[in-house]
Amino acid sequence: MAAPFSLCKGNKFLLCVNVIQNNLAFISTSTFVKSPETRNSNRNRRQRPDAAGKTPSDKKEFRKLLLVKKDARRFDGSREKPKDMYNPPRSKKMSVDVDWPSVWPVAQTYKQSVVPLPLRQGAVQGQEGTMGEHGLPPQGYANTELVKIPNFLHLTPRHIKQQCAAIKKFCTRWPEGLETPQQMKEHFPLEVTTSDYCFSSNSVRDSRARVVTFKFNMKDLQLDPHSQDKMKRLLGNRYDPQTGDITLVADRCPLKQQNYDYLRYVMTVLYFESWKTEPWEAEKTESDMEFYSWDRSLNKEGLVKTLRAYKDRAKELTEAEGRQLSHLPEEITVDSVTSLEEVKAYRSAVEELYNTGENIETLNNYKKSVMNLLKVQQPRAM
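Residues numbered from 1 in each chain as written. Predicted model: local features only at pLDDT ≥ 70, side-chain atom pairs only at ≥ 80, totals over all residues. Heavy atoms only, no water.

Undergrad: Would you explain the overall build of the protein in this entry?
TA: Regarding its fold elements, the protein presents 14 helices and three strands. Split into buried and exposed, the 382 residues of the protein put 21% on the buried side. Expressed as a percentage of contacts within the protein between residues at least 6 apart in sequence, the contacts between residues at least 24 apart total 54%. Accessible surface computed for the protein: about 31,400 Å², of which carbon and sulfur atoms make up 55%. (Helix = DSSP H or I, 4+ residues; strand = E, 2+ residues; numbered from the N terminus. Buried < 20%, exposed > 50% of the residue type's maximum accessible area, 1.4 Å probe, protein only. Contact = heavy atoms within 4.5 Å. Areas by Shrake-Rupley, 256 points an atom, 1.4 Å probe, with all protein chains shown as cover.)

Right, dumping it as structure tokens:
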């Protein structure tokens with residue numbers, strides 16, 4: 001008996017370890033190890049189908065990434081509205097007395113978010129119109145038609161007033177004596193017209209900018225009848241007989257300054273060339289004249305002869321019958337006749353009749369001047 005006890009006493013530690021291991025093996029197999037039926041029932045419980053008849057294993061979908069968390073209060077029927085995540089446009093926040101030049105200082109493309117005006121542009125699409133508005137063009141929001149066209153929102157009266165006040169310190173007083181266009185034309189008879197073009201291109205030059213125009217009136221030049229007639233012939237269609245304006249245009253040179261100098265040279269040559277009298281000009285007859293001149297016509301000598309004949313005949317008449325020619329001088333000559341007021345009126349009527357043409361007004365003036373010259377009374381209407 002001593003030997004077994006001693007063995008058991010010596011192997012007491014080993015015996016205790018064996019007992020613990022056996023107990024753990026029994027506990028694990030009986031408690032933690034489940035039968036196949038138990039595992040199948042738990043799997044079926046996790047894969048319970050939903051309302052659509054699909055189990056979680058059948059739904060192969062990715063999880064959604066929600067950047068903005070939904071507010072559950074939106075759908076619970078509460079009166080509190082969610083706050084807007086975006087700021088309203090600038091046009092909605094402007095006051096009535098806003099400083100518009102600071103909002104729109106220069107020319108720029110139309111922006112609906114800045115302009116507080118209900119502008120519309122474009123054609124109406126369909127019978128009901130755009131955006132459900134019957135008979136109205138599209139609004140300014142996302143309207144490309146308003147973007148295409150230029151606007152003048154940078155030229156309001158307040159813009160102009162501020163800009164004029166800014167450049168006023170660089171201006172000088174307007175000279176006295178140039179208050180009316182007539183005074184300006186009297187002191188500056190020559191009108192020079194040039195053009196400058198500004199556009200977006202690969203070159204800043206424009207061939208149209210080289211054109212220069214000079215405009216002045218012939219009465220501003222010191223010319224006699226001969227030089228006027230010669231200048232009119234030299235000018236051709238550049239002279240306007242209705243107004244007397246002369247228009248010279250130069251575009252043959254590549255630069256504007258060159259054309260300007262060329263027109264100054266042309267003006268100088270025209271003036272001095274008109275004053276020249278060539279030998280062949282003495283052979284000019286009345287038919288060669290560009291206009292009718294009573295002083296150079298045969299009508300002047302014919303009037304003198306007619307008045308002499310009337311004066312000689314008046315001597316044979318009685319004093320009462322010859323009174324109608326009492327305004328004529330005693331000695332009828334060219335100088336004495338041309339100084340009479342009746343003859344001056346007759347001269348103007350004849351020149352107007354030839355130069356303007358026959359019409360009711362010129363014929364009536366000619367008739368009155370002849371009757372006044374001869375002191376003939378107009379017969380009374382029956």
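Undergrad: Could you clarify how one ought to interpret helix 14 (residues 360–374) in this entry?
TA: Every α-helical turn comprises 3.6 residues, leaving residues that sit three or four positions apart pointing alike. Between its terminal C-alpha atoms helix 14 stretches 21 Å, which fits the 21 Å expected from 15 residues at 1.5 Å a residue. Buried within helix 14 we find Thr-362, Ser-369, Met-371, Leu-373 and Leu-374. For helix 14, the capping residue at the N-terminal end is Asn-359, with a side-chain oxygen 3.1 Å from the backbone nitrogen of Glu-361. After helix 14 finishes, the residue Lys-375 shows a positive phi value of roughly 55°. (Expected span 1.5 Å × (residues − 1). Polar contact = N/O pair within 3.5 Å; in protein donor to acceptor, adjacent residues only side chain to side chain.)

Undergrad: How do you make sense of the pairing of strand 2 (residues 212–217) when you look at a structure like this?
TA: The two faces of the sheet receive side chains in turn, since in a regular strand these alternate between them. By the criterion of burial, strand 2 is predominantly enclosed, with five of the six residues buried. Relative to strand 2, strand 1 (residues 191–194) runs antiparallel, the two sharing four bridges. Each residue of the ladder has a partner; that of Glu-191, found in strand 2, is Lys-215. Sheet topology places strand 2 next to strand 3 (residues 245–250); six bridges connect them, and they run antiparallel. Note that in strand 3 the partner of Thr-213 across the bridge is Val-249. (Pairing = 2+ DSSP bridges.)

Undergrad: Just checking my understanding: could you explain the side chain of Asn-259 for this structure?
TA: Looking at the secondary structure, you find Asn-259 in helix 10 (residues 256–275). Engagement of the side chain of Asn-259 in a polar contact is seen with the backbone oxygen of Arg-210, the distance being 2.6 Å. Not counting residues within four places of it along the chain, the set of residues in contact with Asn-259 comprises Arg-210, Val-212, Ala-250, Asp-251, Arg-252 and Cys-253.

Undergrad: Looking at this structure, how should I read helix 9 (residues 225–235)?
TA: Residues of helix 9 that are buried include every one of His-226, Ser-227, Asp-229, Lys-230, Met-231, Lys-232 and Leu-235, and no others. Of the surrounding secondary structure, the elements contacted by the buried residues of helix 9 are strand 3 and helix 10. One or two steps after helix 9, the chain reaches Gly-236, where phi turns positive at roughly 70°.

Undergrad: For this particular structure, what's the right way to read the environment of Pro-116?
TA: Tracing the chain through its elements places Pro-116 in the loop between helix 5 (100–103) and helix 6 (144–148). Since its relative accessible area comes to 41%, Pro-116 is described here as partly exposed. Along the chain, Pro-116 and Lys-92 lie 24 residues apart, while their C-alpha atoms are 7.1 Å from each other. The residues touching Pro-116, leaving out its near neighbours within four places in the chain, are Ser-91, Met-94 and Trp-100.

Undergrad: Would you mind going over the sheet that holds strand 1 with me for this structure?
TA: Hydrogen bonds along the backbone pair up the strands of a sheet, which may run parallel or antiparallel. On the basis of which strands lie adjacent, the open sheet formed by three strands has the order 1-2-3 and antiparallel pairing. Either end of the sheet is taken by a strand with one partner, and the two such strands are strand 1 and strand 3. Neighbour-to-neighbour, the strand axes of the sheet open up by a mean angle of 15°, direction not taken into account. Running at roughly 30° to strand 2, helix 10 makes contact with strand 1, strand 2 and strand 3 of the sheet. (Axes fitted to C-alpha atoms, helices over the stretch in contact; angles between N-to-C directions.)

Undergrad: What should I look at first to understand the side chain of Asn-151 in this one?
TA: For Asn-151, the location among the structural elements is in the loop between helix 6 and helix 7 (157–167). Taking the relative accessible area as the measure of exposure, Asn-151 reaches 17% and is therefore buried. Reaching out from Asn-151, the side chain makes a polar contact with the backbone oxygen of Gln-108 at a distance of 3.0 Å. At a separation of 3.4 Å, a polar atom in the side chain of Asn-151 contacts the main-chain amide nitrogen of Leu-153. Beyond its immediate chain neighbours, meaning those up to four positions away, Asn-151 contacts Trp-104, Gln-108, Thr-109 and Tyr-110.

Undergrad: Got a minute to help me understand the pattern of salt bridges in this structure?
TA: If the charged atoms of two oppositely charged side chains come close together, the side chains can form a pair. Tallying each qualifying case throughout the model produces eight salt bridges. Asp-229 is the salt-bridge partner of Arg-233, the closest N and O atoms lying 3.5 Å from each other. Taken together, the residues Arg-233 and Asp-229, both in helix 9 and four residues apart, mark about one turn of the helix. On the basis of relative accessible area, Asp-229 is assigned to the buried category, the value being 1%. With a closest N to O distance of 3.6 Å, Glu-273 and Lys-276 form a salt bridge. (Salt bridge = Lys/Arg side-chain N within 4 Å of Asp/Glu carboxyl O.)

Undergrad: Could you clarify how one ought to interpret the packing of helix 9 against helix 10 in this entry?
TA: Relative placement of two packed helices is described by the angle separating their axes and the distance separating the axes. For the pair helix 9 and helix 10, interaxial distance at closest approach is 8 Å and the crossing angle is 130°. When the axis of helix 9 is compared with that of helix 10, the two are oblique. Crossing geometry of helix 9 relative to helix 10 is assigned as right-handed. Residues His-226, Ser-227, Lys-230, Met-231, Leu-234 and Leu-235 of helix 9 form the contact with helix 10, whose own contacting residues are Leu-270, Tyr-271, Glu-273, Ser-274 and Trp-275. Residues of the contact of helix 9 with helix 10, tallied by class, amount to six nonpolar, three polar and two charged. (Parallel < 35°, antiparallel > 145°, perpendicular 65-115°, else oblique. Left-handed = near helix turned anticlockwise from the far one by under 90°. Nonpolar A, V, L, I, M, F, W, Y, C, P; charged D, E, K, R; others polar.)

Undergrad: Explain the packing of aromatic side chains to me, please; I cannot follow it from the model alone.
TA: The description of an aromatic ring pair rests on the distance of the ring centres and on the angle between the ring planes. In the structure shown here, the tally under the stated rule is four aromatic pairs. Measuring from centroid to centroid gives 6.0 Å for Trp-100 and Trp-104, while their planes differ by 10°, and the two rings are stacked. We classify Trp-100 as buried; its relative accessible area is 15%. Relative to Phe-272, the ring of Tyr-271 lies with its centre 5.4 Å away and its plane at 85°, an arrangement referred to as edge-to-face. The ring centre of Tyr-197 lies 4.1 Å from the NZ or CZ of Arg-208, which sits over that ring. (Phe/Tyr/Trp six-rings, centres within 6.5 Å; stacked < 30°, edge-to-face > 60°. Lys NZ or Arg CZ within 6 Å of the ring centre and 35° of its normal.)

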